[in-house]
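Remarks on the overall topology
Single-letter residue listing:
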Amino acid sequence: MTIQEYPQELKTPLNSSTSSTTMEDSPKTQQPPKQYWRFSKQDFFPEPSFHNFSTYKNALTGTLTRLKNRLLTRSTETTELIELKKESENEMKQCLTWWDLIWLGFGSVVGSGIFSITGQETRLNAGPSIILSYGISGISALLSVFCYTEFAVEIPIAGGSFSFLRVELGDFVAFIAAGNILLEAIVGAAGLGRSWSSYFATIINKNPDFLRIKIESFAQGFNLLDPLAVLVLALANWIAMTGTKRTSILNWISSIVSCGVILFIIIVGFIHGKSENLVPFFPFGAGGVFRAAAVVYWSYTGFDMVANLAEETKKPSRDIPLGLVGSMSMISVVYCLMALALTMMVKYTEVDVNAAYSVAFEGIGMNWAKYLVGICALKGMTTSMLVGSMGQSRYTTQIARAHMIPPWFALVHPKTGTPIYATLLTTITSCILALFTSLDVLSSVFSFSTLSIFMLMAVALLVRRYYVTDVTLKYDLVKFLLCLFVVIGSSIAATVLWSTDKKGWVGYIVTGGFWLLGTLGMALLPKQRLPKVWGVPLVPWIPSLSIGMNIFLIGSLGKAAFYRFFICSAVMLIYYVLVGVHATYDMAHHDKQDSVIEDGKESSNQML
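Each value, and the rule that gives it
- Residues numbered from 1 in each chain as written.
- Predicted model: local features only at pLDDT ≥ 70, side-chain atom pairs only at ≥ 80, totals over all residues.
- Heavy atoms only, no water.
- Helix = DSSP H or I, 4+ residues; strand = E, 2+ residues; numbered from the N terminus.
- Buried < 20%, exposed > 50% of the residue type's maximum accessible area, 1.4 Å probe, protein only.
- Contact = heavy atoms within 4.5 Å.
- Areas by Shrake-Rupley, 256 points an atom, 1.4 Å probe, with all protein chains shown as cover.
- Patch = residues over 30% accessible without salt bridge, like charges linked within 9 Å, V, L, I, M, F, W, Y side chains within 5 Å.
- Salt bridge = Lys/Arg side-chain N within 4 Å of Asp/Glu carboxyl O.
- Core = buried A, V, L, I, M, F, W, Y, C linked by side-chain atoms within 4.5 Å.
- Polar contact = N/O pair within 3.5 Å; in protein donor to acceptor, adjacent residues only side chain to side chain.
- Axes fitted to C-alpha atoms, helices over the stretch in contact; angles between N-to-C directions.
- Left-handed = near helix turned anticlockwise from the far one by under 90°.
- Nonpolar A, V, L, I, M, F, W, Y, C, P; charged D, E, K, R; others polar.

1. Remarks on the overall build of the protein
Along the backbone of the protein there are 23 helices and two strands. Per-residue burial over the protein gives 56% buried out of 608 residues. Look at the contacts in the protein between residues 6 or more apart in sequence, and 85% of them connect residues 24 or more apart. Surface exposure of the protein reaches about 25,700 Å², of which carbon and sulfur atoms provide 68%.

As structure tokens, then:
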């Protein structure tokens, strides 16, 4: 059932005074709307488990039972689209079209990495073959875009991948994704703030750390304080809080201007470029190409933030496919051309790590052009922060609606139609991180988190097509799970072989053969669900390939990224066991609990 098919009473605004009432409800006086600016324990922890220390202690004793329940529970489209939205008390405004989404996609993606990461990866990992790194990451991102688009069309809700995973893979997997979503949002915003500061500093002075404050006693990578990054992040998030349509108009006007500057960069790069700068093309070997591809994936992130705006889109079935697929296809081509232009202008050994394009134009004698490029980079990163702020707060809103974090963060302001509390949460945390943490530390954590979520999205799409509760035969389910296990296992095996630098192609032929058999096995199984409006073509081949590519890119990251990722995940699990599992369990069983409370009241009245 699509959102358009729900009864009219389910689509009325959450705070509407004209919603229909039943005969039973008519005598009741309507409750006045609650004040938005409020701050109480009930707003943060309304669940029965947190009423007092005794109830919390009782909840902890049942942790294992509750964990089992949450692990095996899947949400429904009705819950995500209708029930959870009530937690926000006010509706978000449906004001976006496909035109808005295309430029929101362009504004959120272009500038989030091409200006900040290209120099680092060209100089340290890929050399001129950075072009291939962008091509590989672009294909992988486009595969993920297909998966996101089908879900966003059929479940147009603010939660994006969190809601999609909750419906298909269950509550516990969705929580792990939610933690990584928040990590991705915070780390990504902090990284953009640091990049903005570096580029602005190079316009004033060649030293990208010119405006940072060095603290000798702090550890390397955390010893350069960046107050300018904090200021820019705070300003971008403030604009995003004022209204969705206003932010969109500001974004697409500035993005169109950026297109002209990007065209200038490509043309000048080709005119002044030298083919000898492309030799050697693989200075770090094929391994360098994939290591760089795993990190420059950051340059393509942002489209998932646009998918989060589905709840505010006028016609999701038309606008989302045009906006997401169209913008990402265009961006992939632009990135490859920009990377080629850079490596033709400057020898890879001379590429500046922090402000590659500005310094490159200075190197060919076009000092005035470096300021134009620097301003374009600043503008691109600013719009990325702007759209990122919108998407991050929508993620956070849906996570709060599900009570995985306090539902206070789900509240939508009645006038602006934006989740101000959720925006403030991501703003404050990203500002703190941006103040201390260097760009290289942020980028590796961000890439691992993003790639793992995209991999889970591809798995969720396969589950959606091949498994429907109480419909799929048990025998077909077992065969599907076996095929999925083979696809994931063979992808991991190929990644391990690559990371250990094993010579010869026998291992790759074997692992590739297993991947092919697993995918072919799924293709021969009957599909249990078909898309209603827009669907990913060539299922299961495209999502299976997306799984393989994302796992392979994850394996290309360094050990430090794994350590940081698992430390963050461990913290998330501790929070889930102590808080999240009890809040979501209470949320899922509130009707039953209300019934028990009412029965208890009736028994007490009878005794009196």
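2. Some thoughts on a nonpolar patch on the surface
There is a patch of nonpolar side chains on the surface, built from F218, F222, L424, I428, I432 and F436 and spanning about 510 Å² of accessible area. Mapped onto the secondary structure, F436 falls in helix 17 (residues 420-436).

3. Quick word on the pattern of salt bridges
Applying the stated criterion to the full structure yields 22 salt bridges. Two residues, R464 and E154, come together in a salt bridge whose shortest N-O distance is 2.7 Å. Here the residue R464 occupies a position in helix 18 (residues 439-466), and E154 occupies one in helix 7 (residues 130-154), the gap between them amounting to 310 residues. As far as the burial class goes, R464 and E154 line up, both buried. Taking the shortest distance from any N to any O, the salt bridge between D171 and R166 comes out at 2.9 Å. Summarising the burial analysis for this pair, D171 and R166 share the class buried. Among the ionic contacts, a cluster of salt bridges with common partners joins R74, E77, E154, E168, R464, R529 and K532.

4. Some points on unusual backbone geometry
Looking along the chain, the bond that leaves V279 and enters P280 is cis, with omega of 0°. By secondary structure assignment, the location of P280 is in the loop between helix 11 (244-272) and helix 12 (285-296). Its identity as a non-glycine residue notwithstanding, H403 has a phi of 70°, on the positive side. Tracing the chain through its elements places H403 in the loop between helix 16 (367-401) and helix 17. We note that L538 has phi near 55°; this positive angle belongs to a residue other than glycine. Locating L538 in the fold gives a position in the loop between helix 20 (506-523) and helix 21 (541-555). L538 sits in the exposed class, given a relative accessible area of 61%.

5. Here's the deal with the environment of F210
By the secondary structure assignment, F210 is in the loop between helix 9 (171-204) and strand 1 (213-214). Along the sequence, F210 and S198 sit twelve residues apart, while their C-alpha atoms lie 8.1 Å from each other. In contact with F210, not counting residues within four places along its chain, are A201, I204 and N205.

6. Focus: the nonpolar core
Residues F115, Y148, M338, Y357 and I547 are the most contacted members of the largest nonpolar core, which totals 159 residues. The element that contributes the greatest number of residues to this core is helix 9, accounting for 14 residues. Leave out the neighbours within four places in its chain, and Y357 touches I114, F115, T118, Y199, I265, M338, A339, L342 and V373.

7. Quick notes on the side chain of E168
Inspection of the secondary structure puts E168 in helix 8 (residues 161-168). In this structure the side chain of E168 is engaged in a polar contact, spanning 2.8 Å, whose partner is the side chain of R464.

8. Details of the packing of helix 5 (residues 98-109) against helix 14 (residues 316-345)
The axes of two packed helices give the description: the angle between them and the distance between them. Relative to each other, helix 5 and helix 14 sit at 35°, their axes nearing to 8 Å. Regarding helix 5 and helix 14, the two cross each other, and that crossing is right-handed. Each of W98, L101, I102, G105, F106 and V109 in helix 5 lies in contact with helix 14, whose residues at this interface are R318, D319, I320, L322, G323, S327, M328, M330, I331 and Y335. Residues belonging to the contact of helix 5 with helix 14 are distributed by class as follows: eleven nonpolar, three polar and two charged.

Worth remembering: the numbers are spatial, not functional.
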